[in-house]
Amino acid sequence: EDGRPSCVNCGAPAEDLHEVLSRARGGSISDPANCVPICRPCHDRVTTNPVWAAELGLSKRKEN
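Residues numbered from 1 in each chain as written. Predicted model: local features only at pLDDT ≥ 70, side-chain atom pairs only at ≥ 80, totals over all residues. Heavy atoms only, no water.

### A closer look at the overall build of the chain
No. 1: Each helix and strand in the chain was counted, giving 2 helices and 2 strands.
No. 2: The secondary structure elements of the chain, listed N-terminal to C-terminal, are β-β-α-α.
No. 3: In summary, the chain has a C-alpha radius of gyration of 12 Å against a globular reference of 11 Å for 64 residues, a match within 12%.
No. 4: Residues counted as buried form 31% of the 64 residues belonging to the chain.
No. 5: Once local pairs closer than 6 in sequence are excluded, the contacts in the chain between residues at least 24 apart make up 46%.
No. 6: When the accessible surface of the chain is summed, it comes to about 4400 Å², and 49% of that surface belongs to carbon and sulfur atoms.
No. 7: Charged side chains of the chain number 8 positive and 9 negative; the gap between the two group centres comes to 8 Å. (Helix = DSSP H or I, 4+ residues; strand = E, 2+ residues; numbered from the N terminus. Rg over C-alpha atoms; globule rule 2.2 N^0.38 Å. Buried < 20%, exposed > 50% of the residue type's maximum accessible area, 1.4 Å probe, protein only. Contact = heavy atoms within 4.5 Å. Areas by Shrake-Rupley, 256 points an atom, 1.4 Å probe, with all protein chains shown as cover. Lys, Arg positive; Asp, Glu negative; His and termini not counted. Charge placed at Lys NZ, Arg CZ, Asp CG, Glu CD.)

Take a look at the structure:
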């Protein structure tokens, strides 16, 4: 193990932090509760497949 956190989806070593609520929707990259560790393949899939991301809880809309 290299000390990196595990991807929240597949358990592989995480290379990125993914914002669950994007900055455009009111999220903050500085809020640890809004960022989850994720590996590059899963991050690529999350960013190109919003339905899949939402089903996994890795994407959400701004709460009122």
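### Structural notes on the confidence of the model for the chain
No. 1: This prediction gives the chain a mean pLDDT of 86; 92% of its residues lie at or above 70.
No. 2: Model confidence for the chain, summarised as mean pLDDT per element, is weakest for helix α2 (residues 50-55) at 88 and strongest for strand β2 (residues 35-38) at 93. (pLDDT = per-residue confidence, 0-100.)

### Observations regarding the side chain of Glu-19
No. 1: Among the secondary structure elements, Glu-19 is positioned in strand β1 (residues 16-19).
No. 2: Polar contacts involving the side chain of Glu-19 include one to the side chain of Arg-23, which spans 3.3 Å.
No. 3: Those residues in contact with Glu-19, other than ones at most four positions away along the chain, are Ser-28, Ile-29, Asn-34, Cys-35 and Leu-58. (Polar contact = N/O pair within 3.5 Å; in protein donor to acceptor, adjacent residues only side chain to side chain.)

### Here's the deal with the pattern of salt bridges
No. 1: Inspection of every chain in the model, using the stated rule, returns 3 salt bridges.
No. 2: Salt-bridge contacts for Arg-40 lead to Asp-16; the nearest nitrogen and oxygen are separated by 2.7 Å. A residue pair is termed long-range when its members are at least 10 positions apart, and Arg-40 in helix α1 (residues 40-48) and Asp-16 in strand β1 qualify at 24 residues. (Salt bridge = Lys/Arg side-chain N within 4 Å of Asp/Glu carboxyl O.)

### Overview of the state of the cysteines
Should the sulfur atoms of two cysteines be covalently bonded, the bond is a disulfide.
No. 1: All told, the structure shown has 0 disulfides when counted by the stated rule.
No. 2: Not engaged in a disulfide, the cysteine Cys-10 finds its nearest cysteine sulfur in Cys-39; these two sulfurs lie 3.7 Å apart.
No. 3: On the basis of relative accessible area, Cys-10 is assigned to the partly exposed category, the value being 46%. (Disulfide = S-S within 2.5 Å.)

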